[in-house]
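The chain contents come next:
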Amino acid sequence: MNVSDIMIRNIFTAEPDMAIGDALELMKKKHFRHMPVTDSSGTMIGIISDRDLKEASPSIFEGNHKDYMNRPISDVMVTNVITALPMDFAEDAANIMVENDLSCLPVENEEGDLVGIITETDLLKTFVKLTGAANPSSRLEVEVPNESGMLCDVSVLIKEHRMNVQSVLLYPSSEKPDCKILVFRLSTMDMRPLIETLKKQGYNVIWPRELGITL
Amino acid sequence: MTGNAVYIYSNEQLQYKFHDDHPFNQQRLSMTNDLLTETGALNKAEMIPARKATVQELMLIHDEDYIQAVINASEGQVKSSYRTAYGIGTDDTPAFPEMHDAASWLVGGTLEAVDQVFEHGYDHALNLGGGLHHGFRGKASGFCIYNDSSIAIEYMKKKYGARVLYVDTDAHHGDGVQWAFYNDPDVCTLSFHESGRFLFPGTGHVNERGHGDGYGYSFNVPYEAFSEDESMLTLYKAALREVTEYFKPDIILTQNGADSHYYDPLTHLCGTINLYHEIPKLAHELAHEYCDGKWIAVGGGGYDIWRVVPRAWSLLWLVMSEQTGMINGFLPENWVNKWRAASPVNLPGYWHDPQGIYPEIPRRNEIEKKNERTLLNALKPIYQKNKKHVF
């Protein structure tokens, strides 16, 4: 999954001489928290966030508050903006955002044109999609030995029960270093026949589980 | 009929049957009818028959190509592409002969309920064959083919200009109805269900609040797995009252899935029969308080058809028709004797469950605490609108 798959393409930009007060108002109205700033040729020269603008603002009780709101955003915008390329992997973009403590990342193509933007919200939506919870499905969690072939073995049983897999997650068990956890979302409302097969074959089904076992 | 309520049922509704081993089993309708008759709370001659919804009516919600696929599947022409395109031919919703007709009769029952209330002056109407809340516009899902509730809501909007509050207490999220009206400010959906982290269909998170003009008109109250009566009812009563007061509907449509019971094989909640006595009580009360009595109730899920569904749905009718005085502890002996031989489990002898049908819940306090937080979170748009500072 690339940045171009998840980025927002329809971007609102601001011009550098826009007043800070107007920019805040526009962002509030449109529910944005960031706006790239572009010059007349469309090249990105900076970015503003509602938080930065508000933090730089003098108290409303001070005389110069009104002056501040009339100043151009070019006075307070962040320059040297960190950007992503459309071909970057989504997880790399997420990494850049975490490392640099960013909540949004503009996307530029190889010519330096602004072509999109990704925000924390987009990444979270992508996460929801990757975990498969956006489609009607049931969650299956199985603990397996940390060995080659386990995902395949469990998948074969799922296939034999003619269930369609919406998503798969695989991660090391936090409790047992020699185990991994497989999490599937399966397009079925009734997993009982599959659970029965898994148990019969000795798999440790972590979810769904019976009452009485310590959660 | 009894007081101001009508009971809708036709034998054709029993034809909605995927196969013998499928968990969705309409024998629960026969068992409920029988229990009510033996109790003396329902006279078979007085039941109002359902009708078969027309294709035109189905198209109030469903896509034409989907309906055509269901019709084809009914005639044995199931293409393998139907599985992914239309959700037909999967293990959840396999094709069966006459499936289009059978599904249309369930929809027609709910439409008949609407007409009984709007045209024939009844306050309340019950169609236990309805409540197929997972049906999507163009796709079958979770045992549901046509979504009777979505169709009935659209029908009420178009025909009677009604603002409808849809309340779903099935253990599964009422996704089909929610998404059908997600952008619509004149239909408010409120679903209580086991959290999607634990149960199908996975949606129904508190932050699904509607979109565009419909923002603030979808409410979701997901319960933690292993939640019990007290916690679930606290959330139900608080949320239903707040949402009704906030939306001020013309009519309340309740979906009464009976699968939050501890005995239900598909879910992980710890309800008892008491839940199904309390849930309709409040709906009844609020319908009189806000909607001039207008209340339609449908069935839904419920997969322990022996020990749970007949009692749960009978209680719904007893509350609706104001006959709860007939509950005297014991179930009618005739009913127990009639069904005992066929039942794979011991049939209950009482209307209500005794104490201790399930083991002690580990982490009970944590579950209750989490549920309380969910409630506040779910109602946030209302609190914000009313400027109630609870946070």
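> Any chance you could explain helix H9 (residues 274-290) of chain B here in plain terms?
Given 3.6 residues to a turn, an α-helix orients residues that are three or four positions apart in the same direction. Residues and elements named next belong to chain B. Taking 1.5 Å as the rise per residue, H9 with 17 residues should run 24 Å; its terminal C-alpha atoms sit 25 Å apart, in good agreement. Taken residue by residue, H9 has Leu 275, Tyr 276, His 277, Glu 278, Ile 279, Pro 280, Leu 282, Ala 283, His 284, Leu 286 and Ala 287 as its buried positions. In this structure, the buried residues of H9 make contact with strand S2 (124-127), helix H8 (229-247), strand S6 (251-255), strand S7 (295-298) and helix H10 (309-320). Backbone geometry just after H9 places Asp 292 at a positive phi near 60 degrees.

> Help me understand the packing of helix H1 (residues 27-39) of chain B against helix H11 (residues 333-340) of chain B in this model?
Angle between the axes and distance between the axes are the two parameters that describe a pair of packed helices. Residue and element names in this part refer to chain B. Contact geometry of H1 with H11 gives a least axis separation of 8 Å together with a crossing angle of 150 degrees. One element, H1, and the other, H11, form an angle in the roughly antiparallel class. Residues Gln 27, Ser 30, Met 31, Asp 34, Leu 35 and Glu 38 of H1 form the contact with H11, whose own contacting residues are Asn 334, Trp 335, Lys 338 and Trp 339. Its residues placed into classes, the contact of H1 with H11 shows four nonpolar, three polar and three charged.

> Quick question: what am I supposed to make of the domain arrangement of chain A here?
In many reports, interface size means the accessible area that the parts give up when they come together. Here chain A is described as being made up of domain 1 (3-128) and domain 2 (138-207). For domain 1 of chain A and domain 2 of chain A, the distance between their C-alpha centres works out to 42 Å.

> Quick question: what am I supposed to make of the nonpolar core here?
Where a protein is soluble and globular, its nonpolar side chains tend to be buried together. All names here are of chain B. Grouped together as the largest cluster of nonpolar side chains are 70 residues, with contacts concentrated most on Tyr 7 and Tyr 236. Here this core gets nine residues from one element, more than from any other, and that element is H8. Counting residues in each nonpolar core, the second largest holds 56 residues, with Trp 105, Leu 111, Ala 152 and Leu 253 among its members.

> So what exactly am I meant to see when it comes to the layout of surface pockets here?
It is a probe the size of a water molecule, rolled over the atoms, that shows where empty space is left. Its volume calculated, the second largest pocket comes out at about 1000 Å³. For the lining of the second largest pocket, the secondary structure elements donating two or more residues are helix H8 (192-200) of chain A together with helix H4 (82-86) of chain B. The greatest single-element share of the lining of the second largest pocket, amounting to three residues, is contributed by H8 of chain A. Of the residues in the lining of the second largest pocket, the class split is 15 nonpolar, 15 polar and twelve charged.

> Any chance you could explain the sheet that holds S7 of chain B here in plain terms?
By way of backbone hydrogen bonds, the strands of a sheet pair with one another, either parallel or antiparallel. Residue and element names in this part refer to chain B. Strand order across the open sheet formed by seven strands is S1-S2-S7-S6-S3-S4-S5, with parallel pairing between neighbours. Of all strands in the sheet, those bounded by a partner on one side alone are strand S1 (5-8) and strand S5 (218-223). The mean inter-strand angle of the sheet, taken between neighbouring strand axes irrespective of direction, is 10 degrees.

> What's the story with the interface of chain B and chain A in this structure? I'm lost.
Listed as interface residues are 35 residues of chain B and, on the opposing side, 22 residues of chain A. Each partner contributes to the roughly 2100 Å² buried at the junction of chain B and chain A, and carbon and sulfur atoms together form 62% of this total. Of all residues in chain B, Asp 91, Phe 200 and Phe 226 of chain B give up the largest surface area on contact with chain A, accounting jointly for 26% of the area buried on that side. Applying the counting rule to chain B against chain A returns one salt bridge. Between Arg 162 of chain A and Asp 91 of chain B there is a salt bridge, and its shortest N-O distance comes to 2.5 Å. A breakdown of the residues in the side of chain B that touches chain A according to their chemical character gives 18 nonpolar, ten polar and seven charged.

> Just checking my understanding: could you explain the environment of Arg 137 of chain B for this structure?
Residue and element names in this part refer to chain B. By secondary structure assignment, the location of Arg 137 is in the loop between S2 and helix H6 (148-160). Taking relative accessible area as the criterion, Arg 137 reaches 38% and is therefore assigned partly exposed. Sequence separation of Arg 137 and Ile 61 is 76 residues, and the distance between their C-alpha atoms is 5.8 Å. Among all residues touching Arg 137, those that are not within four sequence positions of it are Ile 61, His 62, Asp 63, Tyr 66 and Ala 180. Of note is the side chain of Arg 137, whose polar atom sits 3.1 Å from the backbone oxygen of Ala 180.

> Any chance you could explain the packing of helix H7 (residues 150-160) of chain A against H8 of chain A here in plain terms?
All names here are of chain A. Put simply, H7 and H8 touch, their axes get as near as 10 Å, and they point 140 degrees apart. Classed by the angle they form, the pair H7 and H8 counts as oblique. Crossing angle aside, the handedness with which H7 passes H8 is right-handed. Residues Val 154, Leu 157 and Ile 158 of H7 touch H8, and the partners they reach there are Leu 194, Thr 197 and Leu 198.

> Before we go on, may I ask you to explain the sheet that holds strand S6 (residues 165-172) of chain A in this structure?
All names here are of chain A. With respect to topology, four strands assemble into an open sheet ordered S6-S7-S5-S8, the strand pairing being antiparallel. In this open sheet, the two strands that pair with only one neighbour each are S6 and strand S8 (204-207). Sheet twist, expressed as the average angle between the axes of neighbouring strands with direction ignored, equals 25 degrees. Note: strand S5 (residues 138-145) against strand S7 (residues 179-186), eight bridges, orientation antiparallel. Among the inter-strand pairings, Glu 141 is bridged to a residue of S7, identified as Val 183.

Conventions adopted
Residues numbered from 1 in each chain as written. Chains lettered and ligands numbered in written order. Predicted model: local features only at pLDDT ≥ 70, side-chain atom pairs only at ≥ 80, totals over all residues. Heavy atoms only, no water. Helix = DSSP H or I, 4+ residues; strand = E, 2+ residues; numbered from the N terminus. Expected span 1.5 Å × (residues − 1). Buried < 20%, exposed > 50% of the residue type's maximum accessible area, 1.4 Å probe, protein only. Contact = heavy atoms within 4.5 Å. Axes fitted to C-alpha atoms, helices over the stretch in contact; angles between N-to-C directions. Parallel < 35°, antiparallel > 145°, perpendicular 65-115°, else oblique. Nonpolar A, V, L, I, M, F, W, Y, C, P; charged D, E, K, R; others polar. Domains from an automatic or database assignment. Core = buried A, V, L, I, M, F, W, Y, C linked by side-chain atoms within 4.5 Å. 1 Å grid on protein atoms, 1.4 Å probe; cavity = no way out; pocket = protein on both sides within 12 Å on 5 of 7 lines; lining within 4 Å. Points joined across faces, edges and corners; volume = space filled by probe spheres on them. Pairing = 2+ DSSP bridges. Buried area = accessible area lost by both parts, 1.4 Å probe. Salt bridge = Lys/Arg side-chain N within 4 Å of Asp/Glu carboxyl O. Polar contact = N/O pair within 3.5 Å; in protein donor to acceptor, adjacent residues only side chain to side chain. Left-handed = near helix turned anticlockwise from the far one by under 90°.

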